[in-house]
Amino acid sequence: MFQIQAFVFNFASENTYVLFNENKNAWLIDPGNMNEQETQAISNFITENNLKIEKILLTHAHIDHVLGLQWAFDTFKVPVTMHQEDQEVLDMLQASGARFGFQIPAVKVDTEYINEGDELDFDGEKFKIYHIPGHSPGSVVYHNETQKFMISGDVLFEGSIGRTDLYKGNYDQLIEGIKTKLFVLNEETQVFSGHGNPTTIGFEKQYNPFLK
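On a predicted model such as this, the values are computed, not experimentally measured, just so you know. (Residues numbered from 1 in each chain as written. Predicted model: local features only at pLDDT ≥ 70, side-chain atom pairs only at ≥ 80, totals over all residues. Heavy atoms only, no water.)

1. A closer look at helix H1 (residues 36-48)
- The first and last C-alpha atoms of H1 sit 18 Å apart over 13 residues, in line with the 18 Å expected at 1.5 Å per residue.
- All of the buried residues along H1 are Glu38, Thr39, Ile42, Phe45 and Ile46. Buried residues along H1 cover an arc of 130° about the axis, so they all sit on one side. Away from its buried face by more than 90 degrees, H1 exposes Glu36, Gln37, Thr47 and Glu48.
- Contact partners of the buried residues in H1: strand S1 (3-9), strand S2 (14-20), strand S3 (25-29), strand S4 (52-57) and helix H3 (69-76).
- Where H1 begins, the side chain of asparagine 35 points an oxygen toward the backbone nitrogen of glutamine 37, at a separation of 3.2 Å.
- In the segment just after H1, asparagine 50 is the residue with positive phi, at about 55°. (Helix = DSSP H or I, 4+ residues; strand = E, 2+ residues; numbered from the N terminus. Expected span 1.5 Å × (residues − 1). Buried < 20%, exposed > 50% of the residue type's maximum accessible area, 1.4 Å probe, protein only. Arc of directions from axis to C-beta. Contact = heavy atoms within 4.5 Å. Polar contact = N/O pair within 3.5 Å; in protein donor to acceptor, adjacent residues only side chain to side chain.)

Shown next as structure tokens:
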């Protein structure tokens, strides 16, 4: 059985997740820690629970989801799993930081690219990959069918969707992706978003005003 620990980090109240199982193996998803206090909080959790970080995953590469990426890569020494379409977004990190008024060094990490239809293995459990651009060009969702949950990044929120006015955003593309790839899944499927509270596919199908 998987457990999910969420941390709310940085100026954007971004959700960083540690996904782990009874074997103490773990994935670190969207490390957004941006200062020493935040880094210590997630580091302490990993240490105190004797977790082994086996993968670093990105749902997408917007600044608020990658502020701790260099720390994560340097600390755990595992490649960063992401969609290739968001590599250019990651490469723009310094410019993004400048817009928010702070300096960020260029990120230097090893990457493993994933695509629509790929599956990731976590101790025998499969995670399906859905490529759903529109918020960013390489936004992906990680879905575990067995335990009925997904990590959706900024694709889908409780009562909302990811903003589409950013670089290479596309509203119609995002709506189409959610309806054709996520809303066909079991309605009990939990959605762990990049910001805000968890929700379910069934709730969003019924109540999300963007997806009526």
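2. Let's talk about the packing of aromatic side chains
- Following the criterion strictly, the structure yields 17 aromatic pairs and no others.
- With 6.0 Å between their ring centres and 80° between their planes, tyrosine 17 and phenylalanine 192 make a pair best called edge-to-face. Here tyrosine 17 is found in strand S2, whereas its partner phenylalanine 192 is found in strand S13 (residues 190-193), with 175 residues between them in sequence. Side by side, tyrosine 17 and phenylalanine 192 carry an identical accessibility label, which is buried.
- Ring centres of phenylalanine 127 and phenylalanine 149 lie 5.7 Å apart, and the angle between their planes is 75°; on these two criteria the pair is classed as edge-to-face. One end of the pair, phenylalanine 127, is in strand S8 (residues 125-131); the other, phenylalanine 149, is in strand S10 (residues 149-153), and 22 residues separate them in sequence. As far as burial versus exposure is concerned, phenylalanine 127 and phenylalanine 149 are alike and both buried.
- Aromatic ring contacts, followed pair by pair, group Phe2, Tyr17, Trp27, Phe122, Phe127, Phe149 and Phe192 into a single cluster. (Phe/Tyr/Trp six-rings, centres within 6.5 Å; stacked < 30°, edge-to-face > 60°.)

3. Some points on the sheet that holds S10
- Strand order in this open sheet of six strands is S7-S8-S9-S10-S13-S14, and the pairing throughout is mixed. Only two strands of the sheet have a single partner each, and these edge strands are strand S7 (119-122) and strand S14 (199-200).
- Of the pairings in the sheet, the one linking S13 to S14 comprises two bridges and is antiparallel in character. Among the inter-strand pairings, glutamine 190 is bridged to a residue of S14, identified as threonine 200. (Pairing = 2+ DSSP bridges.)

4. Side note on the sheet that holds S3
- Overall, mixed pairing links the six strands, which are arranged S1-S2-S3-S4-S5-S6 in an open sheet. Strands at the two margins of the open sheet, each flanked by one partner only, are S1 and strand S6 (111-114). With direction set aside, neighbouring strand axes in the sheet form an average angle of 25°.
- Across seven bridges, S1 lies against S2 in antiparallel orientation. (Axes fitted to C-alpha atoms, helices over the stretch in contact; angles between N-to-C directions.)

5. Section: the pairing of S4
- In the sheet, S3 pairs with S4 via five bridges, with the strands oriented parallel. When the bridges of S4 are listed, leucine 28 appears paired with isoleucine 56.
- Chirality of the crossover, the property in question, places the unit of S3, H1 and S4 among those that are right-handed.
- The pairing of S4 with strand S5 (residues 80-83) spans two bridges and is parallel. In the sheet register, leucine 57 faces S5, and the bridge partner there is threonine 81. (Right-handed = clockwise from strand over helix to strand, strands pointing away.)

6. Quick look at H3
- For H3, every residue scored as buried is listed here: Leu69, Ala72, Phe73 and Phe76. For H3, the angular spread of buried residues about the axis comes to 95°, placing them on one side.
- Buried residues in H3 make contact with S3, H1, S4, helix H2 (63-66), S5 and helix H4 (87-91).
- Just past H3, the residue lysine 77 takes up positive phi, approximately 55°.

The quantities given are spatial measurements derived from coordinates; they are silent on function.
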